[in-house]
Amino acid sequence: MAKKNIRDLNLKGKKVLMRVDFNVPMKAGVITDDNRIVQALPTIKHAINEGGKVILFSHLGRVKSVEDLAKNSLAPVAKRLEELLGQPVKFVPATRGAELEAAIDALNEGEVVMFENTRYEDLEGKKESKNDAELGAYWASLGDVFVNDAFGTAHRAHASNQGIASHHPENSVSGFLLEKEIKFIGGAVDEPVRPFVAILGGAKVSDKISVIENLLEKADKVMICGAMAYTFFKAQGLEVGKSKCEADFVDYAKGLLEKANGKIVLPVDVASVVVDPEEAAADFFGAIAKAEITYVPVTEINPEAQGLDCGPKTIELFKQELQGAKTVVWNGPAGVFEVEKFAVGTKSICEALANLEGATTIIGGGDSAAAAISMGYESKFSHISTGGGASLEYLEGKSLPGVACLSEAK
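Here the structure is a predicted model, which means the values were calculated and not measured. (Residues numbered from 1 in each chain as written. Predicted model: local features only at pLDDT ≥ 70, side-chain atom pairs only at ≥ 80, totals over all residues. Heavy atoms only, no water.)

Student: Looking at this structure, how should I read unusual backbone geometry?
Tutor: Trans peptide bonds make up most of the peptide bonds, and negative phi angles are found at most residues other than glycine. Omega for the peptide link from R194 to P195 comes to 5 degrees, which places this bond in the cis form. The residue P195 is located in the loop between α7 (176–190) and β9 (196–200) in this model. Of note in the backbone geometry, N131 takes a positive phi value of approximately 55 degrees without being a glycine. Within the fold, N131 resides in the loop between β6 (112–115) and α5 (133–141). By relative accessible area, N131 is classed as partly exposed at 21%. Even without a glycine there, the phi angle at N261 is positive, about 55 degrees. Position of N261 relative to the elements: it lies in the loop between α10 (250–259) and β11 (264–265). The exposure class assigned to N261 is exposed, which follows from its relative accessible area of 72%. (Helix = DSSP H or I, 4+ residues; strand = E, 2+ residues; numbered from the N terminus. Buried < 20%, exposed > 50% of the residue type's maximum accessible area, 1.4 Å probe, protein only.)

In structure tokens, the structure reads:
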């Protein structure tokens, strides 16, 4: 069933509770990437322009100790949002109580208040993360309607999404960002325009078991790359050397290959290096950065070497497999992209998708999204998800609590 969206509500004069995802990276109290704030602006501005009294809240990092409170305050985020909106944002350094309630009561139409990190409530008893009923009820009492625009936490049932929504059964809706995530990722998996190709990379097969199984049923091709490919090589009886390989999942990978009916496409060559184990243990990135690359077929990996990226023949194979694709979902880098010389495979996938005419191209968050953005390809994709964990669970075919709790469209 389709969900109600913020445009379906009359917001004038209403107290609009809005869960956003402002879990932005910070260093010494300074925001290093404000993309998640920027992505939320259309929904916030809509509520402002419609005469809503906007009450924003988000989590930031994890709060396990008193020391975590200061470094995970949303105060710097409120300041940056104020700059981006071009209007005042009242910040309340509390998650409940008289000060917060007074600030909300004082709101005029079109004004904005933001309260403190919802995970401050996790310091004792994990009330936010465990969807504490009393906390959800309290937050729900602060507003008239609820807007969830935080896809990054939609795979979790928290007090700040499901807890609040349960008290506003007819007026809990998605924001524009959440709606976009549902449209692109959900649409790609449920009703893809074919041919549909999935590209799965990253470190571990175990992290993506359900994703692989679901996409093997839905996609026309599933291209495997990154460190997880070596578990599949091992399943084929190949030498993988010192490459990352999950021994406990070799039989599982073998089973997948047998039932895939040719849908799985694996690398045919790799960029490998030999490094001193002690040096790599002390400084892995430093050790591999100065090591000499050898490009070898996957059938000829040196027992003392480890593969860290796709080779040139694999890049050409992947490009061929992508030709004519109309829907492409990508999750997980092709190599150790943090080191420039092992970013070739990941960058090549970016380039191939950027030049794929007439296709819907989607990155499912996480490291592949970070890589594409850092390499300057952000505008070249149809959609880059803001939620790594949530997008993975969506790709698995799971129902997301932060979406399921929203009101059904009539």
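Student: I'm lost on the pairing of strand β7 (residues 145–148) in this one. Help?
Tutor: A two-sided burial pattern is seen for β7, the buried positions comprising V145 and V147 on one face and F146 and N148 on the other. Bridge count for strand β1 (residues 15–19) against β7 is 4 bridges, and the pairing is parallel. What sits directly across from V16, in β7, is V145. As paired elements, β7 and strand β8 (residues 172–174) share 3 bridges and run parallel to each other. Note on β8: the bridge partner recorded for V147 is V173. One crossover worth recording links β7 to the parallel β8 by way of helix α6 (residues 159–165), and it is right-handed. (Pairing = 2+ DSSP bridges. Right-handed = clockwise from strand over helix to strand, strands pointing away.)

Student: Help me understand the packing of α7 against helix α16 (residues 388–395), please; the structure alone is not making it clear to me.
Tutor: How two helices sit against one another is set out by the angle between their axes and by the gap between those axes. Following both chains from N to C, one finds α7 and α16 inclined at 35 degrees, their axes separated by 9 Å at the closest point. Considering how the two elements wind past one another, α7 and α16 form a crossing that is right-handed. Residues E181, I182, I185, G186 and V189 of α7 pack against S391, Y394 and L395 of α16. Here the residues of the contact of α7 with α16 sort into 5 nonpolar, 2 polar and 1 charged. (Axes fitted to C-alpha atoms, helices over the stretch in contact; angles between N-to-C directions. Left-handed = near helix turned anticlockwise from the far one by under 90°. Contact = heavy atoms within 4.5 Å. Nonpolar A, V, L, I, M, F, W, Y, C, P; charged D, E, K, R; others polar.)

Student: For this particular structure, what's the right way to read the nonpolar core?
Tutor: The tendency in soluble globular proteins is for nonpolar side chains to be buried as a group. I224, F232 and F233 are the most contacted members of the largest nonpolar core, which has 66 residues in total. Each residue touching F233, except ones within four places of it in the same chain, is listed here: L238, V240, L266, P267, V270 and V298. A40, I44, L74 and L85 belong to the second largest nonpolar core, which has 30 residues in total. (Core = buried A, V, L, I, M, F, W, Y, C linked by side-chain atoms within 4.5 Å.)

Student: Looking at this structure, how should I read helix α15 (residues 366–374)?
Tutor: Residues spaced three or four apart along an α-helix point in a common direction, a consequence of the helix completing one turn every 3.6 residues. Every buried residue belonging to α15 is among S368, A369, A371 and A372, and all of these are buried. The buried residues of α15 occupy an angular sector of 160 degrees when projected down its axis, which confines them to one face. If you follow the buried residues of α15, they end up packed against β15 (327–331), α14 (344–354), β16 (360–363) and β17 (383–384). Of the residues one or two after α15, G376 is the one with positive phi, at around 85 degrees. (Arc of directions from axis to C-beta.)

Student: What am I meant to see in the packing of helix α1 (residues 35–49) against helix α3 (residues 75–85) here?
Tutor: At their nearest, the axes of α1 and α3 sit 11 Å apart, and the two run at 65 degrees to each other. For the pair α1 and α3, the crossing hand works out as right-handed. Contacts between α1 and α3 pair I37, V38, L41, I44, K45 and I48 from the former with V77, R80, L81, L84 and L85 from the latter. Residues belonging to the contact of α1 with α3 are distributed by class as follows: 9 nonpolar, no polar and 2 charged.

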